[in-house]
Amino acid sequence: MKNSIKIPIILSYSQICVFDPEMPSPYNDWGEIENRQGFSYRPQSVSFATELDCGPVSILVEQVEIEPMLFPGAKCVIRVPFTIQSSRKVEIGSIQSGKILTFDVGSYALYFVDYGINSNNFRLIFHKACNAEVDILIESANAKRQEYYDLNAKPA
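This text gives an overview of the structure that appears in the document. Quick caveat: nothing in here was measured; it's all calculated off a predicted structure.

Cut-offs applied
- Residues numbered from 1 in each chain as written.
- Predicted model: local features only at pLDDT ≥ 70, side-chain atom pairs only at ≥ 80, totals over all residues.
- Heavy atoms only, no water.
- Salt bridge = Lys/Arg side-chain N within 4 Å of Asp/Glu carboxyl O.
- Helix = DSSP H or I, 4+ residues; strand = E, 2+ residues; numbered from the N terminus.
- Buried < 20%, exposed > 50% of the residue type's maximum accessible area, 1.4 Å probe, protein only.
- Pairing = 2+ DSSP bridges.
- Axes fitted to C-alpha atoms, helices over the stretch in contact; angles between N-to-C directions.
- Phe/Tyr/Trp six-rings, centres within 6.5 Å; stacked < 30°, edge-to-face > 60°.

What follows is about the pattern of salt bridges. Throughout the structure, instances matching the rule amount to 6 salt bridges. When the shortest N-O distance is used, the salt bridge between Asp135 and Arg79 registers 4.0 Å. Residue Asp135 is found in strand β11 (residues 135-138), and its partner Arg79 is found in strand β6 (residues 76-84); the two are separated by 56 residues along the sequence. Its relative accessible area of 24% is what places Asp135 among the partly exposed residues.

The sheet built from 6 strands is open, its strands ordered β1-β5-β10-β9-β6-β11 with mixed pairing. Bordering the open sheet on either side are β1 (4-11) and β11, each of which pairs with just one other strand. Looking at each pair of strands side by side, their axes are set apart by 25° on average, direction ignored. In this structure, β6 lies alongside strand β9 (residues 106-114), joined through 9 bridges in antiparallel fashion. The partner of Arg79 across the bridge, within β9, is Tyr111.

Within the open sheet, the 5 strands sit side by side as β3-β4-β2-β7-β8. Their pairing is antiparallel. Edge positions in the open sheet fall to β3 (39-42) and β8 (98-102), since each of these has one partner strand only. Across this sheet, the average inter-strand angle for adjacent strands is 15°, counted without regard to direction. Looking at chain direction, strand β2 (residues 15-19) and strand β4 (residues 45-49) are connected through 5 bridges and run antiparallel. By the bridge assignment, Phe19 is partnered in β4 with Ser45.

Going through the model one piece at a time under the given rule, you end up with 9 aromatic pairs. Consider the rings of Phe103 and Tyr108, whose centres lie 6.3 Å apart with planes at 70°: the pair is edge-to-face. Taken individually, Phe103 and Tyr108 each receive the classification buried, so the pair is uniform in this respect. Residues Phe103 and Phe126 carry aromatic rings whose centres are separated by 4.3 Å and whose planes lie at 40° to one another, so their mutual orientation is tilted. Here Phe103, found in the loop between β8 and β9, pairs with Phe126, found in strand β10 (residues 121-128); they are 23 residues apart in sequence, far enough to count as distant. The class of Phe126 is buried, set by a relative accessible area of 0%.

Spelled out as structure tokens, the structure:
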């Protein structure tokens, strides 16, 4: 993937999904814990909750060398670890639509940036990092800091 690309998708079920398109059953189930933390996660698959229910949105996907520290205008920011396998493919989208992008193999810190209900714009930032830790950097109605994050979602 080049450094950044903007992709249009049709948002469905209030979630933006990032996953290895070669895995079986790539979408995640949501339970009480996932709803509270704002994301549903298992290795090679993560879904982020949005305040929007459905409709057309735009996602700016970026691959950066320097860890992002500032998120001007963001209403919610979540960081999770994400490993890109040997296929180098990652699908980004929602249940109804998505786009497959190619990245370098490796471990990343994946940042989900939500600009709130009055915006149809989101960012996904991939920063190559060996040991990224889960964190809610900016809390929202959909994502609250937790003492424990469930990282073992069940397939939907």
